[in-house]
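Analysis of the macromolecular model
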Amino acid sequence: MAAFGCCGQWLPGGVTRSAGAAGGGVEPIDKRRMQSITEELSSWVQAARSIRKRRADLQRSADDAVSSLVKGALEVPSAQGPGWRVLLIRSQQRERIGQVLQFSRMQVITAGDDAVLEVLTTRVAEALANEAKIKGVRGWFSGRDKREAATAAAAFLADYHADSSTRGVEATLRRLDAEVDGPSPVDMSSVLEPRTGLGARLGSLGANARIANGSVFAELPTAVHAIQQALASGDATRDEAVAAAAEVRGAAARALIATMPVERLREATRGRLLTGPLIEAGITSVLDVITSGDRLVRLRGIGDASAKQLQGAAQTLWKTILDETPLKIDVSARGPAATELLRALSAWESVRDLRAASRDLEAAWRLAPLARGFDRHVSHVAVFDAGRRPQSELRSDVELVVARARQLRAHLQAGNRVDPWADFIARPAAYYALLSDLGLLAEDDQKSLGDLPKHILEAIRKFKLSDKLLIGSLRGYQSFGARFALVQKKVVIGDEMGLGKTFEALAVLAHLHAKGERHAVVVCPAAVVANWMREVSEKSKLTPHRLHGPGRQLAADEWSADGGVAVTTYETLGWCRDQFLAVPKLYCVVVDEAHYVKNPDANRSRRVAELITLADRAVLLTGTPMENRTEEFRNLISYLRPDLTVDAGELSPARFRKQVAPAYLRRNQEDVLKELPPLIEVDEWVPMTPEDLALYRRAVGESNFMAMRQAAAAAGHQSGKMKRLVELVNEARENGRKVLVFSYFRAVLESAVELLPGQVFGPITGSVPAPKRQALVDDFSAAQGSAVLVAQIVAGGVGLNIQEASVVIICEPQLKPTVEWQAIARAHRMGQLSSVQVHRLLSDQGVDVRVTEILARKGALFDEFARPSDTAASAPEAVDVSEAQLAREVIAAERERLFPAAPGSQGPASDTLNG
């Protein structure tokens, strides 16, 4: 840039014009023209100054805005470490962002633009100031030097103005002035796009900047607060449930001790206490003694020492009764204490589930700073990667926490709004599991642990079971069973029917899956495939795949690719073999109704044995491990633990239990389900009608054992058993009870469906597909009032849970005790609230009498071997009774009774077994 002085002037392009010779000055300029030039140049100078100032102000505002945004960013860690930096954008931040965007939209000033602004704000401004000094009166009083400088300035301004159009000065000013016009509306959805430049200015926060509407995070503050509040109140909620349970148990104990006569104090002290004066004074119960206080001392014949002894004895009895009184929730006695207990348990369930959701809690803890910073004024949220975690993971964490809080609030609100008794009746097993979880249910520890060696018991007790993928609570004995299976790896769980073996097996699968295992298999009868699919879905977070039926190939492909639980049948195992061999590892196989594979020579037994060898772990489930022979149970053990030595021949029950204990666990209902309602069993001895007798004689004459068993129910409405069946169902209808009717024979079931009154569902038979069976059970369970479900005992008596029924009618004695026990256990199981009545329809003469006599021996043998704690057993060979042998014995006895042979005669034709 050329120098500007009093003896020359700067012209664009560096041209300098000397002053004319005459007078040593410059050519005079017309005043009007000069005024116009100076006015226009003055406006340009003002514009240049304004442009520079506004640019500087805007840059400063943009820099301050970026600095403020960076400082306000929140650190949100991921589960694996560094995660994201988050900007919560409110109205003020939107304004600042608009300034940044406005500045970013401005073009970078070129050297030429900067020269124009520099000349205008310095040289031109100075020339305008000098030129103004000779205007008007001031010019007359100015010195020569000032007049010459002013004259030169005027010439410079005239020349600059004349050349400005060539240089595009005015156009430059217009362009630069237009760039700093006020901010335009901010489109928040696109502010972080590369073209805006904002992302680059915020580059210190991280990469992959994304912006989302604030509504995505709007529920987070209340969600985190709800979770934190629930956790904070957890101990108080637990204490409330414990206190409410103590009140319920105390009320039951008080009711018992109120009916206990004072003579019990005399008996408890071996006659040392005098109770006659108490009775004379109207103190007739032990509770009266406790509540009498000082009154005892005033009674004739009762001194201070005797009063203290009586009070002490009464208190001892009270404490003993209180300690031994089981905690039961009686639906027929809905007092305030029991109602409060249900409400407290429901609240504790929410807290307990929350505490068990470790991933949800950990996510809530990490998101807490974000939740604290968020408020209703936040319109958008900008997320920057600070680590190497995808932003979808942050969104997933937020959704996880919000979903958990919604579930928590819904549970609490429902608990306050819904009748707690209705919820209890709908899912009683869940409530009793909560009581067990709180240590409020008495379980026989010794009987729930069994005959396991000490070193195995210690390993089981130390084992930490992960239940984060399990939905619901395990009872204490169930947790022990799952840990037993995990520690011992390949086992038989033979808990009595109704104790929740399925849930124990699910706990094993959920634990292993939580540890990173992927592929598990469940093998079961076709009748219970649907039930297993439902159990896996509803009681765990595992994914079931049905490898059975038309869609099995697609299901197998999904299971192979994604992992989860493959549910298949014994019949489908051959097809599944290649699918199982194709996966890297089977972490566990569960075999339900494992007594189906007791025969090692059967194809399904061989396939199950091969599958067990492929898997790291195996859990065989059976409530009926013994049917006929010790050898059969030995076969089950050999699939799992060929290293165990189980002696051949006859064994004592104690020795047998010890030999199989490392691989076998069994608990009975009476040992662990103290709250289970009573089972009332009634043998209904029904006389045969003439029609029954005629059919029976014909069947015996034909040596047709199956016809003999059906004869007493085959004459329709003329049958003695059918008449009694209708009577029992009518009685159940009057009492609002639901009824299960079981028979081995389809003809009997069809007759029952035709004759029985009211709502009748079924029959469920072996030919009914498994999904249809479950649908019939669901419809029966959902039916209002009394209803009847009719089922073939070998089809409906296995795998289905029907605790809505409280009356079970069995139309004829079964040849295997286990079949009958299974059928009863469909109703008398964990979750049953009502006492269960079992009615066995028995003919008072004929085959039923003979069968029950023989089966009584089999039942006694099972009790000796299998009932005590950790054992599964069978009758020794010497006393075994097979079905065929039983049939021959019965037929022979009945033929002898009905068709006695004359001396020397051969009697009727030789026996043949039909059916």
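Residues numbered from 1 in each chain as written. Predicted model: local features only at pLDDT ≥ 70, side-chain atom pairs only at ≥ 80, totals over all residues. Heavy atoms only, no water.

In terms of helices and strands, the chain carries 38 helices and 17 strands. Looking at the chain residue by residue over its 915 residues, the buried ones come to 50%. For the chain, the exposed area adds up to about 41,600 Å²; of that, 51% sits on carbon and sulfur atoms. (Helix = DSSP H or I, 4+ residues; strand = E, 2+ residues; numbered from the N terminus. Buried < 20%, exposed > 50% of the residue type's maximum accessible area, 1.4 Å probe, protein only. Areas by Shrake-Rupley, 256 points an atom, 1.4 Å probe, with all protein chains shown as cover.)

A separate point is the pairing of strand β5 (residues 490-493). Judged by which residues are buried, β5 turns out to be covered on both faces: Lys490 and Val492 on one side and Val491 and Ile493 on the other are all buried. The pairing of β5 with strand β10 (residues 618-621) spans 4 bridges and is classified as parallel. Each bridged residue has a counterpart across the sheet, and for Ile493 the counterpart in β10 is Leu621. Pairing analysis gives 2 bridges linking β5 to strand β11 (residues 664-665), with the strands arranged parallel. (Pairing = 2+ DSSP bridges.)

Before going further, it helps to spend a moment on the environment of Arg897. Secondary-structure assignment places Arg897 in helix α38 (residues 883-898). Sequence-wise, Arg897 and Gly846 are 51 residues apart; in three dimensions their C-alpha atoms are separated by 9.0 Å.

This next bit is on the sheet that holds strand β8 (residues 564-569). An order of β7-β8-β6-β9-β10-β5-β11 is seen for the 7 strands of this open sheet, with the pairing classed as parallel. Pairing within the sheet leaves two strands with one partner each, and these edge strands are β7 (544-546) and β11. Here 3 bridges tie strand β9 (residues 588-591) to β10, and the two strands are oriented parallel to one another. Residue pairing for β10: Val590 is matched across the bridge by Val619. Set on the sheet, helix α22 (residues 501-514) makes contact with β5, β6 (519-524), β8, β9 and β10; between it and β9 the angle comes to about 170°. Along the sheet, helix α23 (residues 529-539) makes contact with β6, β7, β8, β9 and β10, crossing β7 at roughly 160°. (Contact = heavy atoms within 4.5 Å. Axes fitted to C-alpha atoms, helices over the stretch in contact; angles between N-to-C directions.)

What follows covers the confidence of the model for the chain. The predicted model of the chain averages 78 in pLDDT, with 81% of residues at 70 or higher. Element-level mean pLDDT values for the chain span from 49 in helix α4 (residues 137-140) up to 95 in β9. Taken together, the stretch residues 1-26 has pLDDT below 50 and engages in 34 contacts with residues farther than four places along the chain or on a different chain. Below a pLDDT of 50 lies the segment residues 865-882, which in the model reaches 72 contacts outside its immediate sequence neighbourhood of four places, other chains included. (pLDDT = per-residue confidence, 0-100.)

Here we come to helix α32 (residues 720-734). With 15 residues, α32 should cover 21 Å at 1.5 Å per step; its first-to-last C-alpha distance of 22 Å lies within 8% of that length. Among the residues of α32, those classed as buried are Gly720, Lys721, Met722, Leu725, Leu728, Val729 and Ala732. Two or three places before Lys721, at the opening of α32, Ser719 has a side-chain oxygen 3.4 Å from that residue's backbone nitrogen. Immediately downstream of α32, the backbone of Gly736 shows phi near 70°, a positive value. (Expected span 1.5 Å × (residues − 1). Polar contact = N/O pair within 3.5 Å; in protein donor to acceptor, adjacent residues only side chain to side chain.)

As a further point, take the sheet that holds strand β2 (residues 81-89). Strands sit in the order β1-β2-β4-β3 across an open sheet of 4 strands; the sheet is antiparallel. Two strands in the sheet have a free side with no partner beyond their single neighbour: β1 (74-78) and β3 (207-213). Along the sheet, successive strands turn relative to each other by an average axial angle of 25°, direction set aside. In terms of strand pairing, β2 meets strand β4 (residues 380-385) through 6 bridges, oriented antiparallel. What sits directly across from Leu87, in β4, is Ala382.

Its place among the elements puts Val66 in helix α1 (residues 31-72). Look at Val66 and you get buried, because its relative accessible area is 8%. Taking the C-alpha atoms as reference points, Val66 and Arg96, separated by 30 residues in sequence, lie 8.1 Å from one another.

So, on to the packing of aromatic side chains. Remark: the centre distance and the inter-plane angle together describe each pair of aromatic rings, the angle taken between the planes. Taken as a whole and assessed by the stated rule, the structure comprises 5 aromatic pairs. Look at Tyr744 and Phe745: their rings are 5.2 Å apart centre to centre, the planes differ by 75°, and that puts the pair in the edge-to-face class. Note on Tyr744: relative accessible area 32%, which makes it partly exposed. Ring centres 6.2 Å apart and planes at 75° place the aromatic pair Phe761 and Phe780 in the edge-to-face group. Highlighted residues: Phe761 in strand β14 (residues 760-764) and Phe780 in helix α34 (residues 770-782), separated in sequence by 19 residues. Residue Phe761 shares its accessibility class with Phe780, and that shared class is buried. Above the plane of the ring of Phe503 lies Lys539, whose end atom (NZ or CZ) is 5.8 Å from the centre. (Phe/Tyr/Trp six-rings, centres within 6.5 Å; stacked < 30°, edge-to-face > 60°. Lys NZ or Arg CZ within 6 Å of the ring centre and 35° of its normal.)

A word on a positive patch on the surface. Together, Arg359, Lys464, Lys468, Lys515 and Lys541 line one region of the surface with positive charge. Tracing the backbone through its elements, the reader meets Lys515 in the loop between α22 and β6. For Lys515, a relative accessible area of 57% gives the class exposed. (Patch = residues over 30% accessible without salt bridge, like charges linked within 9 Å, V, L, I, M, F, W, Y side chains within 5 Å. Salt bridge = Lys/Arg side-chain N within 4 Å of Asp/Glu carboxyl O. Lys, Arg positive; Asp, Glu negative; His and termini not counted. Charge placed at Lys NZ, Arg CZ, Asp CG, Glu CD.)

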